[in-house]
Each structure stands twice: as structure tokens, then as C-alpha cells.
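# Architecture at a glance
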Amino acid sequence: MKKFVMTLTAVLAVTLSAQAQLLWKISGNGIEKPSYIVGTHHVAPIGMQDSIPGLMKALQATDQVWGELVMSEMASPQGMVELQKYMAAPADSTLNVLLSPAQIDSVANLISKYAGQAIPTQQLIYLRPAVLGAQLAVLQNMNAIPGFNPNAQLDNIIQQLGAKAGKSIHGLETLSQQLNLLYGSSLTEQAADLMKTVRNDATAASKARDMARAYLSGDLDAINKFMTDPDFGMSPQEADKLIYNRNSAWVDFLIGALPTTSMLIAVGAGHLPGEKGVISLLKKAGFNVTPVEE
């Protein structure tokens, strides 16, 4: 494990020094003042914002900051109520109804391994399986990616910097919409996905490293291939639900909004590449979308 972490640290050090093509300029098609779109990674190391060429200049040059959602909403009283609603399993569908005792033990043991302390199963059974799956993903990345701090996500940092600079902060979606996307599927499906995560734990660190390397080098094609990998990525149905349908809705909104104001748009990097990615859709709508290199 020590050797693995040292190797991963070296990989990150090399890729962070490269010019990542994560920031793109949007112009033309009636735009008087350019906008920008940047791909984020929810587990990027602290300080990544300083490693994306042109990001701080783009932030200063635009009037508004747009994210997938307004991150501060999650900490609001209403946001906490929404989070609780989606985190808790229905009384008739708790984890001990969805999974066998042996399966629940395997989940608890894995979370305990990453947490560094024993986690009683009683603390888990009242949570939705998708919530536990998300928690496992965070714990796996914390172990695999040096410098990752779940309390300092890049999306949130960009919005905080924007607010500090006097920019208005907006979301392409509401918190409720995102929570429903992530945790609103059938509990049976969630339970199956959770057990798949448990079974694939041995390869999670390697995949986290690959994804980090692709992101930090700005390799959007590699990110796209990773996300659509049939073994570890999303199924076509999941990709439509979580990526492509949202891309289409966002671009429909941006077509009307971009000529009226200058934006810095920060969304997950997986939304940018591919034929159905935001970059391609904006180009098809008549905008010029070019990488920012400095």
C-alpha cells in the first residue's frame, strides 16, 4: 500500500504540472462577451484550481458563476431536510430487508476498513443503499488520491471564489433534482449496485488512479472511455440518465442565456466530451468552443 501511494503521488505531481485542457472559451453566435466552461472532478486534490491554465482569469472576466447546482444549498436548513429525505430508507425497505445478513456484514466490514474503525451494522441499515455506495466511493478515493478533501471539492471552491469576487452564483439544476438522480432509483437497483461496488473494491484504487490521471492531464477522451467502460463505467441507460439527458437540458438553457450574460460554467468533466457532450452540443448550436491554454 505504501508503495502504491508513493507511485500515485508521483503520477499526480507529473500530471499537475501539465497544461490540462479542462477550460474552454465559448464565443460567437451572438455573444458579445465570451463565457467559459470548465470540467471539474469531484475528488480533485486541493489546489487544482491553480493548475488549470486561465481559470482564475476566466473567473475574473465573467459576470456569473454557474455550477451543476448551488453548492451552498446543501448546508441550508431546507437543503438539510432534502438530504435527510433522500438519505433515509423507507421503513419497509431498510437494508436488512434488501440484503442478507452476510451481505450487510460485507458492506459494514468494507466501510469499517476504510474508516479505520468498526462500524456497527445498526448504523447502516436505515440508509439507502445508494447513500452507502456513495460513501464507499468517497472513502475509496480518499485512500487512493493524495490531497483529496471531501470538504473542499473543486466545484464548491470555484463557487466560493466567485462569490468572494462579487459574482452571482447559480445552478443548472436544483438540489432536489440532483438528489433524485443520485438516490431516487428503485431500492432494489440500489442494493444490486451497492453489492457490485463491494465486489469490485479490489480494483477501485486502480480505477481511481486512472480517473485521476486522465482528469489531471485534461484527457477528456480518456475520461469519456472510463465512464462508458462496460465493466466499471455506466450502462447506456445510466449514461442517458446521469449524463446525456442532462447535457441536452443544460445546452437548451445555455443557447438562450449565453448571449445575455457572461458565465463561468463549472460542471463535471464527464459532461464535456463525446458526441453528446456539452462541447459538441454547443458547437452544433453554432457557438465557437475553443480550449484555453493560458
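So, how was this worked out
In this numbering scheme, every chain counts its residues from 1 along its sequence in written order. Where local features are concerned, this predicted model is filtered to residues with pLDDT of at least 70; where side-chain atom pairs are given and counted, the filter is 80 or more; whole-chain, interface and lining totals use all residues. Excluding hydrogens and water, the side-chain values take into account all heavy atoms of the structure. For the exposure calls, accessible area comes from a 1.4 Å probe over protein chains only, and a residue counts as buried if that area is under 20% of its type's maximum, exposed if over 50%, partly exposed in between. Helix and strand definitions follow DSSP, with helices as H or I runs of at least four residues and strands as E runs of at least two, each counted in order from the N terminus. One requirement defines pairing of two strands: DSSP has to find at least two bridges between them. For every element, the axis is a line fit to its C-alpha atoms; helices are fit only across the contacting stretch, and the angle between N-to-C directions ranges from 0 to 180 degrees. Comment on the angle field: the value is read as roughly parallel under 35 degrees, roughly antiparallel over 145, roughly perpendicular from 65 to 115, and oblique elsewhere. We call a crossing left-handed when the near helix sits turned anticlockwise from the far one by less than a right angle, and right-handed when that turn is clockwise. The contact criterion used is simple: two residues touch if any of their non-hydrogen atoms lie within 4.5 Å. For this scheme, ten residues count as nonpolar: Ala, Val, Leu, Ile, Met, Phe, Trp, Tyr, Cys and Pro. Four count as charged, namely Asp, Glu, Lys and Arg, and the remainder, Gly too, count as polar. Here, a salt bridge means any side-chain nitrogen of Lys or Arg that lies within 4 Å of a carboxyl oxygen of Asp or Glu. Each residue carries a pLDDT score, the predictor's own confidence in it, on a scale running from 0 to 100. Directions drawn from the helix axis to the C-beta atoms are what define this arc. For our purposes a nonpolar core is just a set of buried Ala, Val, Leu, Ile, Met, Phe, Trp, Tyr and Cys residues, chained together by side-chain atoms within 4.5 Å.

### Quick word on the pairing of strand β5 (residues 263–268)
Extensive coverage of β5 is indicated by the burial of six of its six residues. Pairing analysis gives five bridges linking strand β2 (residues 35–40) to β5, with the strands arranged parallel. Within the sheet, the bridge partner assigned to V38 lies in β5 and is A266. Of the strand pairs in this sheet, strand β3 (residues 64–67) and β5 are connected by four bridges, and their pairing is parallel. When the bridges of β5 are listed, W66 appears paired with I265.

### Side note on the sheet that holds strand β4 (residues 168–171)
Taken in spatial order, the six strands make up an open sheet running β4-β3-β5-β2-β1-β6, and their pairing is mixed. The sheet terminates laterally at β4 and β6 (288–291), the two strands that pair on one side only. On average, adjacent strands in this sheet sit at an angle of 25° to one another, irrespective of strand direction. Bridge count between strand β1 (residues 23–27) and β2: four bridges; the pairing is antiparallel. When the sheet's bridge partners are listed, I26 is paired in β2 with S35.

### Describing unusual backbone geometry
Negative phi is the rule for most residues except glycine; trans is the rule for most peptide bonds. Unlike most non-glycine residues, N29 shows phi in positive territory, near 55°. Considering the arrangement of structural elements, one finds N29 in the loop between β1 and β2. Looking at N29, the relative accessible area reads 39%, which means it is partly exposed.

### A look at the packing of helix α5 (residues 101–115) against helix α9 (residues 187–199)
Relative orientation of the contacting elements α5 and α9 amounts to 55°, with a least axis distance of 10 Å. Between α5 and α9, the interaxial angle falls into the category oblique. Considering only the axes of α5 and α9, their crossing is left-handed. Where α5 abuts α9, its residues Q103, S106, V107 and L110 lie against L194, M195 and V198. Of the residues in the contact of α5 with α9, the class split is five nonpolar, two polar and no charged.

### Some points on the pattern of salt bridges
Scanning the model with the defined rule gives six salt bridges in all. For D201, the salt bridge goes to K113, with nearest N and O atoms at 2.9 Å. Within this pair, whereas D201 is found in helix α10 (residues 201–216), its partner K113 is found in helix α5, the two being separated by 88 residues in sequence. D201 gets classed as buried once you look at its relative accessible area, which sits at 10%.

### Some thoughts on the confidence of the model for the protein
Taken over all residues, the pLDDT of the protein has a mean of 87, while the share at 70 or more is 91%. This model gives residues 1–19 a pLDDT under 50, and the stretch forms 24 contacts once residues within four places in sequence are excluded.

### Description of helix α11 (residues 220–227)
For α11, the complete set of buried residues consists of L220, I223 and M227. Angularly, the buried residues of α11 cover 55° about the axis, an arc narrow enough to put them on a single face. Those residues of α11 that are exposed and aimed more than 90 degrees away from the buried face are D221 and K225.

### Looking at the environment of A88
The topology assignment puts A88 in the loop between α3 (77–87) and α4 (95–98). Taking relative accessible area as the criterion, A88 reaches 27% and is therefore assigned partly exposed. With 41 residues separating them along the chain, A88 and P129 place their C-alpha atoms 9.5 Å apart.

### A word on the nonpolar core
One finds L23, I52, Y215, L258, L264, I265 and L282 to be the most contacted residues of the largest nonpolar core, which totals 48 residues. In terms of residue count, the dominant contributor to this core is helix α12 (residues 236–257) (seven residues). Sequence-distant contacts of Y215, that is, excluding residues within four places in its chain, are made with L22, G39, T40, H41, A44, M48, I52, L154, I223 and A269. Residues I111, Y114, L124 and L132 belong to the second largest nonpolar core, which totals 18 residues.

### Comments concerning the packing of α3 against helix α8 (residues 175–183)
It is at 10 Å that the axes of α3 and α8 come closest, and there the two elements cross at 15°. Classed by the angle they form, the pair α3 and α8 counts as roughly parallel. Crossing handedness for the pair α3 and α8: right-handed. Touching G79, E82, L83 and Y86 of α3 are L175, S176, L179, N180 and Y183, all from α8.

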